[in-house]
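# Observations on the model geometry
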Amino acid sequence: MASATPLEQAAVLVGKLGSILDITMPEKRPPDAMTLAHRRAAEWLHKAASWLLHGADLDIVTKRTPFTAETAQDLWQYYQSLPLDQRVDKLVVWFITVEMMQSCGILTREQFPRTRRLMDVYSGVLATTCVMPRRVFYYLHWAMWSIESFMAKRQVSEPAAPLPLSREAEEALNSAVQSAWSLIGGQPTSSTSPGSGRSTTSWMTVLLATSVGVGAVIWLAGADNVRGARRAAVDKWSRLQRTFGITPRFLQ
């Protein structure tokens, strides 16, 4: 009987381990109020943009939803990164279509005065979105986000999930780095970017604190402990091979 390939041996080993270990994944955590509000606001904005002939331009909002935005300023920074340029071509096509319907007698002002008034209002809104798409859709998104946030907070009872880049997390990280830097005898330094209210620790402080921490771990562990851990891992792997009777081909 031909010997099994390393890939087949690995598959058999994984199958046996899977039959022994019963791993049950926990249930998916329901979205918190902030996540739910951002997702709903993005969906409503995309629908509104589709009615205003900007569905393809704002499709990125549903694919890259700004879940980390906490304030209106964060949302505006997100919109500044989007490729939203003026689309006068859509406005020209719309007016040409309306004039053609007027000249062909399909939708004249005499026959449908109320409909034409509504079309005039729509033309004004469309012209605004085509000339200033970034600012218009930002305000529209902000309004929808505010409404959905109010509704989501009343609907969701679970606490909000912490954001990895939130201001609270950043302040806690800066405080920990400053404390570590003070313990080793350095002076706490911070740099504030112009036009921003956030104070960020300098890269030199972070690098020095990280280097000191890594050096302390290596010094405490020592080379003997590292070699001992490696030998223990090799011994456990050997016992596992003897238990299941599987030996890699390159060790035969």
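Structure: see above.
Residues numbered from 1 in each chain as written. Predicted model: local features only at pLDDT ≥ 70, side-chain atom pairs only at ≥ 80, totals over all residues. Heavy atoms only, no water.

## Considerations on the overall build of the protein chain
Scanning the protein chain from N- to C-terminus turns up nine helices and two strands. A burial count over the protein chain gives 25% of its 252 residues as buried. The long-range fraction of contacts in the protein chain, counting pairs at least 24 apart against all pairs at least 6 apart in sequence, stands at 71%. Here the protein chain displays about 17800 Å² of accessible surface, and carbon together with sulfur accounts for 64% of that area. (Helix = DSSP H or I, 4+ residues; strand = E, 2+ residues; numbered from the N terminus. Buried < 20%, exposed > 50% of the residue type's maximum accessible area, 1.4 Å probe, protein only. Contact = heavy atoms within 4.5 Å. Areas by Shrake-Rupley, 256 points an atom, 1.4 Å probe, with all protein chains shown as cover.)

## Comments concerning the packing of aromatic side chains
Summed over the entire model, instances satisfying the criterion amount to five aromatic pairs. Considering the side-chain rings of Trp-94 and Tyr-122, the 4.9 Å spacing of their centres and the 65 degrees angle between planes classify their relative orientation as edge-to-face. Taken together, the positions of Trp-94 in helix H5 (residues 88–103) and Tyr-122 in helix H6 (residues 113–131) put the pair 28 residues apart, joining distant regions of the chain. On the basis of relative accessible area, Tyr-122 is assigned to the partly exposed category, the value being 22%. Seen from their ring centres, Tyr-138 and Tyr-139 are 5.0 Å apart, and the 55 degrees between their planes marks the pair as tilted. The exposure class of Tyr-138 is buried, given its relative accessible area of 9%. By way of ring pairs, the aromatic residues Trp-76, Tyr-78, Tyr-79, Tyr-138 and Tyr-139 are connected into one cluster. (Phe/Tyr/Trp six-rings, centres within 6.5 Å; stacked < 30°, edge-to-face > 60°.)

## Let's talk about the packing of helix H2 (residues 33–51) against helix H7 (residues 133–155)
Following both chains from N to C, one finds H2 and H7 inclined at 140 degrees, their axes separated by 8 Å at the closest point. Considering the angle they form, H2 stands oblique to H7. Crossing angle aside, the handedness with which H2 passes H7 is right-handed. Here Ala-33, Leu-36, Ala-37, His-38, Arg-40, Ala-41, Ala-42, Trp-44, Leu-45, Ala-48 and Ala-49 of H2 lie close against H7, whose contacting residues are Phe-137, Leu-140, His-141, Met-144, Trp-145, Glu-148, Ser-149, Ala-152, Lys-153 and Gln-155. Of the residues contributing to the contact of H2 with H7, the split by class is 14 nonpolar, four polar and three charged. (Axes fitted to C-alpha atoms, helices over the stretch in contact; angles between N-to-C directions. Parallel < 35°, antiparallel > 145°, perpendicular 65-115°, else oblique. Left-handed = near helix turned anticlockwise from the far one by under 90°. Nonpolar A, V, L, I, M, F, W, Y, C, P; charged D, E, K, R; others polar.)

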